[in-house]
Amino acid sequence: MKILAVDTSATVASVAITDGERLAAEMILNHKKTHSETLMPMIDTLFQSSEMKISDIDLFAVSNGPGSFTGLRIGVAAVKALAHACNKPVVGVSTLEAMAYNLPYADGLIAPIMDARREQVYNAVYRWEGETLTEVTAPRAIALADCLEEFREKVYFVGDGVPVYRELILQKLGNLAVFAPVCANAQRAGAVAAAAKAYAKAGKTTTYLELLPVYLRKPQAEREREEMEGKGKVQN
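Residues numbered from 1 in each chain as written. Predicted model: local features only at pLDDT ≥ 70, side-chain atom pairs only at ≥ 80, totals over all residues. Heavy atoms only, no water.

Colleague: Got a minute to help me understand the sheet that holds strand 3 (residues 22-29) in this structure?
Modeller: Taken together, 5 strands build an open sheet; the order of strands is 3-2-1-4-5 and the sheet is mixed. The strands lining the two open edges of the sheet, one partner per strand, are strand 3 and strand 5 (90-93). Neighbour-to-neighbour, the strand axes of this sheet turn through a mean angle of 15 degrees, independent of strand direction. Across 4 bridges, the pairing between strand 1 (residues 2-7) and strand 4 (residues 59-63) is parallel. Across the sheet, residue L4 finds its bridge partner in strand 4, namely F60. Across the sheet, helix 2 (residues 69-86) is in contact with strand 1, strand 4 and strand 5; its angle to strand 4 comes to roughly 170 degrees. Contacts between helix 6 (residues 189-201) and the sheet are confined to strand 1, strand 2 (13-19), strand 3, strand 4 and strand 5, with strand 1 contributing the most and set at about 130 degrees to the helix. (Pairing = 2+ DSSP bridges. Helix = DSSP H or I, 4+ residues; strand = E, 2+ residues; numbered from the N terminus. Axes fitted to C-alpha atoms, helices over the stretch in contact; angles between N-to-C directions. Contact = heavy atoms within 4.5 Å.)

Here it is as structure tokens:
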């Protein structure tokens with residue numbers, strides 16, 4: 001099975017093609033350009049470099065959230081369009097679950113954390129059981145302090161929340177906290193493809209019509225508007 005995977009959930013843009021057990025090609029770009037500028041040229045470059053065509057792809061996969069509202073929309077829209085054009089199935093993979101695949105067979109809990117601002121994080125908790133990644137805690141938006149209160153054993157942290165909250169995590173957990181190295185800390189489309197392959201093996205694919213972003217919370221502008229409206233009601 002050949003899989004084209006995309007991750008545009010955060011600052012990093014990543015695309016990958018896997019062919020069975022082989023990672024045929026992968027590209028990661030962590031730069032200031034927007035995903036709308038970079039994504040399709042990256043996909044085109046991967047096909048040229050791997051000497052494949054879009055028609056060779058059997059399954060399309062994308063990290064569908066949580067993450068940047070704009071980034072998720074771009075990635076999901078691109079994958080929906082490609083799957084529609086090729087009449088192929090799709091898999092939407094949690095951004096957090098895909099990041100856990102960056103730390104294969106870690107001997108403890110894996111806690112991806114994405115910075116959601118104001119000391120809030122997007123988080124889920126996973127554990128490897130043999131070669132199977134098991135969800136311990138479902139994806140959520142949570143205050144970092146509340147998240148850290150839950151851990152009583154070794155936990156591996158991965159994601160863009162690590163450089164932001166590393167010191168706070170160490171203060172709370174000490175040597176129970178282990179941090180992913182820089183080579184494994186960012187979102188990777190290769191990891192999205194690995195997760196998608198497991199879903200496909202279990203028969204959990206879908207169609208482009210059913211693929212949707214998963215935001216976990218309302219956009220910042222909407223939250224700020226509701227906050228202002230709430231203050232207005234109190235003043236009245």
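Colleague: Explanation requested: unusual backbone geometry in the structure shown.
Modeller: Only a minority of non-glycine residues have a phi that is not negative, and only a minority of peptide bonds are not trans. With an omega dihedral of 5 degrees, the bond running from G65 to P66 counts as a cis peptide bond. Looking at where P66 falls in the secondary structure, it is placed in the loop between strand 4 and helix 2. Positive phi outside glycine occurs at E51, with the angle close to 55 degrees. Inspection of the secondary structure assignment puts E51 in the loop between helix 1 (35-50) and strand 4. According to the relative accessible area criterion, E51 is exposed, its value standing at 74%. (Buried < 20%, exposed > 50% of the residue type's maximum accessible area, 1.4 Å probe, protein only.)

Limitation: the analysis is restricted to geometry and does not speak to function.
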